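Survey of secondary and tertiary structure
Residues per chain, in single letters:
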Amino acid sequence: MTQFARPDADVSDGDWLNQDDSNSNLYASIDEASHSDSDYIKAEDPGYGTPTDMPVTIGLSDINEPDGNADHKIKYRATENSGSNAVQLTVQLLEGSTSRKSVTNSSIGGSFAEYTINLSEAEANNISDYTNLKLKFTASDTQGGGAVTKISWAEFQAPDAAASTTTSPAFLMFVH
């Protein structure tokens, strides 16, 4: 089985907005168990001719320490509208302020597509607190042409928690 850490808080909104042009509760637009492209968060480059980095950081729900370091994944759906793959989207898994994985996607298409980032066992082994994870997305329009980047869904996956062993309480016998 798998545990899912899904968006549950806005940590830093930056210049990102949701589908209704609000920057409140962005996490609620990307927190579904099954993706929905009808709600999303978006960042629009101001179009001044120079690239602009536009970060947003979203807190993730708590999960338990998994049984092992295999099969840790970041999954998200994204699109951009430049028509020329001008947007680079850097996706980071943060534990507190420490980056545990960072990947830049420079081939986001013009319609929503799902992307998966696999963590190596060594990267997963570096995670010590599964209750302090965040996703940071940084969109950068490399041409500075005013492209809009959208993310409609995101989650972090890890294996189930280790089975706990319960020990029987001490046996007490009272004799009259």
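Heads up: the structure comes first, above all this text.
Residues numbered from 1 in each chain as written. Predicted model: local features only at pLDDT ≥ 70, side-chain atom pairs only at ≥ 80, totals over all residues. Heavy atoms only, no water.

1. Here's the deal with the pattern of salt bridges
This is how the line gets drawn: Salt bridges are identified by distance alone: a Lys or Arg side-chain nitrogen within 4 Å of an Asp or Glu carboxyl oxygen. The helix count covers DSSP runs of H or I at least four residues long, the strand count covers runs of E at least two residues long, and both are numbered beginning at the N terminus. Burial classes: relative accessible area under 20% of the type maximum marks a residue as buried, over 50% as exposed, and values in between as partly exposed (1.4 Å probe, protein chains only).
One pass over the structure, following the stated rule, counts seven salt bridges. For Lys75, the salt bridge goes to Glu114, with nearest N and O atoms at 3.3 Å. One end of the pair, Lys75, is in strand 6 (residues 72-80); the other, Glu114, is in strand 9 (residues 113-119), with 39 residues separating them in the sequence. A relative accessible area of 18% places Lys75 in the buried class. Residues Arg100 and Glu95 are paired through a salt bridge, measuring 2.9 Å at the closest nitrogen-oxygen approach.

2. Describing the sheet that holds strand 10 (residues 133-141)
Think of a sheet as strands paired side by side through backbone hydrogen bonds, with each pair either parallel or antiparallel. Filter applied, for reference: Paired strands are those between which DSSP finds at least two bridges. Axis definition: a line fitted to C-alpha atoms, over the contacting stretch in the case of helices. Angles run 0 to 180 degrees between N-to-C directions.
Spatially, 2-5-10-7-8 is the arrangement adopted by the five strands of the open sheet, whose pairing is antiparallel. Where the open sheet ends on each side, the last strands, each with one partner, are strand 2 (7-12) and strand 8 (98-105). Taken pair by pair, the neighbouring strands of this sheet meet at an average axis angle of 25 degrees, ignoring direction. Relative to strand 10, strand 5 (residues 53-60) is paired through seven bridges, and the arrangement is antiparallel. Its bridge partner being in strand 10, Thr57 is matched across the sheet by Lys136.

3. Notes on the packing of aromatic side chains
Where we set the bar: A pair of Phe, Tyr and Trp rings is counted when the ring centres sit within 6.5 Å of each other, with Trp represented by its six-membered ring. The angle between the planes then sorts it: under 30 degrees is stacked, over 60 is edge-to-face, the rest tilted.
Enumeration over the complete set of coordinates arrives at three aromatic pairs. Plain terms: the ring middles of Tyr40 and Phe112 are 6.4 Å apart, the flat faces sit at 45 degrees to each other, and that makes the pair tilted. You can see Tyr40 sitting in the loop between strand 3 (17-18) and strand 4 (41-44) and its partner Phe112 sitting in the loop between strand 8 and strand 9, a full 72 residues away along the chain. Note on Tyr40: relative accessible area 14%, which makes it buried.

4. Quick notes on the pairing of strand 4
Sheet faces and side chains relate simply in a regular strand, where the side chains alternate between the two faces. The pairing of strand 3 with strand 4 spans two bridges and is classified as antiparallel. Each bridged residue has a counterpart across the sheet, and for Asn18 the counterpart in strand 4 is Ile41.

5. Brief notes about the nonpolar core
One recurring pattern in soluble globular proteins: nonpolar side chains tend to sit buried together. Applicable threshold: Nonpolar core, defined: a set of buried Ala, Val, Leu, Ile, Met, Phe, Trp, Tyr and Cys residues in which side-chain atoms within 4.5 Å join the residues together. Two residues form a contact once any of their heavy atoms are found within 4.5 Å.
Residues Trp16, Tyr76, Leu89, Leu93, Phe137 and Phe156 are the most contacted members of the largest nonpolar core, which totals 33 residues. Looking at this core, the elements with two or more residues in it are strand 4, strand 5, strand 6, strand 7 (87-95), strand 9, strand 10 and strand 11 (148-159). Leaving out residues up to four positions away in the same chain, Leu89 has contacts with Tyr76, Ala78, Val103, Thr104, Asn105, Ile108, Phe137, Thr138, Ala139, Thr149 and Ile151.

6. Some words on unusual backbone geometry
If you check the backbone angles, Asn25 has positive phi at about 50 degrees while not being a glycine. Looking at where Asn25 falls in the secondary structure, it is placed in the loop between strand 3 and strand 4. In this structure Asn25 comes out as partly exposed when scored by relative accessible area, which is 46%.

7. Digging into the environment of Lys134
As a reminder, the rule being used: Any pair of N or O atoms that falls within 3.5 Å is considered a polar contact. Within protein, one atom must be able to donate a hydrogen and the other to accept it, and sequence-neighbouring residues count only if both atoms are side-chain atoms.
Position of Lys134 among the secondary structure elements: in strand 10. Given the relative accessible area of 17%, Lys134 is considered buried. Residues Lys134 and Thr52, 82 residues apart in the sequence, show an inter-C-alpha distance of 22 Å. Non-local contacts of Lys134, meaning those with residues more than four positions away in its chain, are made with Val11, Thr57, Ile58, Gly59, Leu60, Gln92, Leu93, Leu94, Gly96 and Ser97. Within the structure, Lys134 has its side chain in polar contact with the backbone oxygen of Gly96 (distance 2.9 Å).

Don't take any of this as a statement about function, it's just geometry.
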